[in-house]
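Given next are the chains, with one letter for each unit.
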Amino acid sequence: LIGTSASERPAAPVCWAPPPSVPQHPFLCLLFFASSLPMISLGITGGIGSGKSAAVARLAAKPGVRTLLADGLAKRLMQEDAALRADLIAAFGPQTYDAAGRLNRAWLAHQVFGDDTRLAQLNALVHPRVRAAFLDARAEAEADGVRLYVYEAALLFETDAGQHLDAVAVVDAPAETRIARVLARDGVTRAQVEARMQHQLAPETLRARADYVLHNGGTLDALHAQVDALYARLLDAATTEEGREDAAV
Ligand code: ADP
């Protein structure tokens, strides 16, 4: 509009029949409506190697999306939360942290490997902290006007995180494909991958509990197309009352 006179400028858009509480400036008006749209919380889960991270990475690049990874959050809390550190040391010994104060993952893994009681003890210490931090982060996202809040967790149905989410998408792929991907990604043995798979819910259970299933037995492009469609569907749904109900089913 530089160089145009006031009379040549197009009329500024105005809010349609705005109630008195709606700002009259067009930009503020847009912001008002954008920020008053409800936030949708979406959980992403699935077995190891199914493609959870790939799906979340695709979503993370989209407007209005904020993501939180349960695994990273748990690691950060075990490193930084003083009360949790003290509890872990009490339960698993001073070797849980090295001389520099860094979490000794190998030690902790060794303590719980093949011992369900010790694993349950670790989870009982870590999960409540993860849940509290997740709820804080979700509230912050809502206050910041985030439209789609995405929470990726390998153990989602096993914890009560599902209660705090509007919908859950499960990423699914054939077991052999998942094993091949993890072997290529992590440099672990097939037996180690299979042991981790055994500790996860069966694929049919995950699919049955999902609101949406993302099929990732094919190419990354095929996964991305499904993620894009889910994003559009959830955000479209959030703008209408009926759609909101659909998306929350
Ligand atoms: P998860 O987070 O569920 O363990 P990832 O998203 O990390 O799984 O995927 C496992 C590995 O397989 C990663 O290296 C990823 O880049 C790769 N991958 C995921 N989906 C596909 C796909 N459709 N085609 C090829 N490689 C894939």
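Use the structure listed above.
First things first, this report covers the structure right here in the doc.

Rules used throughout
Residues numbered from 1 in each chain as written. Predicted model: local features only at pLDDT ≥ 70, side-chain atom pairs only at ≥ 80, totals over all residues. Heavy atoms only, no water. Helix = DSSP H or I, 4+ residues; strand = E, 2+ residues; numbered from the N terminus. Buried < 20%, exposed > 50% of the residue type's maximum accessible area, 1.4 Å probe, protein only. Contact = heavy atoms within 4.5 Å. Near = heavy atom within 4 Å. Polar contact = N/O pair within 3.5 Å; in protein donor to acceptor, adjacent residues only side chain to side chain. Areas by Shrake-Rupley, 256 points an atom, 1.4 Å probe, with all protein chains shown as cover. Phe/Tyr/Trp six-rings, centres within 6.5 Å; stacked < 30°, edge-to-face > 60°. Lys NZ or Arg CZ within 6 Å of the ring centre and 35° of its normal. Salt bridge = Lys/Arg side-chain N within 4 Å of Asp/Glu carboxyl O. Pairing = 2+ DSSP bridges. Axes fitted to C-alpha atoms, helices over the stretch in contact; angles between N-to-C directions.

1. Things to note about the overall build of the chain
Part 1: The number of helices and strands found in the chain is 11 helices and 5 strands.
Part 2: For the chain, the residues scored as buried account for 37% of the 249 residues in total.
Part 3: In the chain, of all internal contacts separated by at least 6 residues, the share reaching a separation of at least 24 is 69%.

2. Quick word on the site of the ligand
Part 1: Taken together, 14 residues sit near the ligand, with G49, K52, S53, R185 and N216 positioned nearest.
Part 2: Here an oxygen atom of the ligand sits 3.3 Å away from a polar atom, N or O, in the main chain of S50.
Part 3: In this structure, an oxygen atom belonging to the ligand sits 3.0 Å away from a main-chain N or O atom of G51.
Part 4: Protein burial of the ligand: of its 560 Å² of free accessible surface, 74% is covered by the chains.
Part 5: Those elements that provide at least two residues to the shell around the ligand are α2 (52-60) and α7 (175-186).
Part 6: Of all the elements, α2 adds the most residues to the shell around the ligand, at 3 residues.

3. What to know about the environment of K52
Part 1: Mapped onto the elements of the fold, K52 is located in helix α2.
Part 2: Classification of K52 by relative accessible area gives buried; the value is 9%.
Part 3: When residues no more than four places from it in sequence are discounted, the contact partners of K52 are I44, T45, G46, G47, E152, A153, A154 and V171.

4. Let's talk about the side chain of Q200
Part 1: The topology assignment puts Q200 in the loop between α8 (190-198) and α9 (203-209).
Part 2: Of note is the side chain of Q200, whose polar atom sits 2.8 Å from the backbone nitrogen of I48.
Part 3: If near-sequence neighbours (up to four positions away) are discounted, Q200 is found in contact with G47, I48, A154 and R178.

5. Some words on the packing of aromatic side chains
Aromatic rings considered in pairs are described by the distance between their centres and by the relative angle of their planes.
Part 1: For the coordinates displayed, the defined rule picks out 2 aromatic pairs.
Part 2: With 4.4 Å between their ring centres and 40 degrees between their planes, F134 and Y151 make a pair best called tilted. Here the residue F134 occupies a position in helix α6 (residues 116-143), and Y151 occupies one in strand β3 (residues 148-152), the gap between them amounting to 17 residues.
Part 3: Three or more aromatic residues joined by ring pairs make a cluster, and in this case those are F134, Y149 and Y151.
Part 4: Positioned over the ring face of Y231 is K62, at 5.2 Å from the centre of the ring.
Part 5: Positioned above the aromatic ring of Y97 is the side chain of R85, whose terminal nitrogen or guanidinium carbon lies 4.0 Å from the ring centre.

6. Structural notes on the environment of T177
Part 1: Looking at the element boundaries, T177 is found in helix α7.
Part 2: Between the C-alpha atom of T177 and that of G49, which follows or precedes it by 128 residues, the distance is 8.0 Å.

7. With respect to the pattern of salt bridges
Part 1: All told, the structure shown has 12 salt bridges when counted by the stated rule.
Part 2: E80 is the partner of R76 in a salt bridge, and the nearest nitrogen-oxygen pair spans 3.7 Å. In this pair, R76 and E80 both sit in helix α3 (residues 70-80), 4 residues apart, roughly one turn of the helix.
Part 3: We note a salt bridge from D172 to R207, for which the minimum N-O separation is 3.0 Å. Taken together, the residues D172 in strand β4 (residues 167-172) and R207 in helix α9 connect sequence positions 35 residues apart.
Part 4: Salt bridges linked by common partners bring R58, K62 and D228 together as one network.

8. A look at the sheet that holds strand β1 (residues 40-46)
Strand pairing in a sheet relies on backbone hydrogen bonds, with the paired strands running either antiparallel or parallel.
Part 1: In spatial order, the strands read β2-β3-β1-β4-β5; together these 5 strands make up an open sheet with parallel pairing. Each edge of the sheet is formed by a strand with only one pairing partner; in this case those strands are β2 (65-69) and β5 (212-215). When strand polarity is set aside, the average angle formed by the axes of neighbouring strands in this sheet is 25 degrees.
Part 2: Two strands pair when backbone bridges link them, and β2 and β3 are joined in this way by 5 bridges, in the parallel orientation. If you follow L68 over to β3, its bridge partner there is Y151.
Part 3: Helix-sheet contacts for α3 involve β2 and β3, and the interaxial angle to β2 is about 55 degrees.
Part 4: This element, α6, spans β1, β2 and β3 of the sheet and lies at about 160 degrees to β3.

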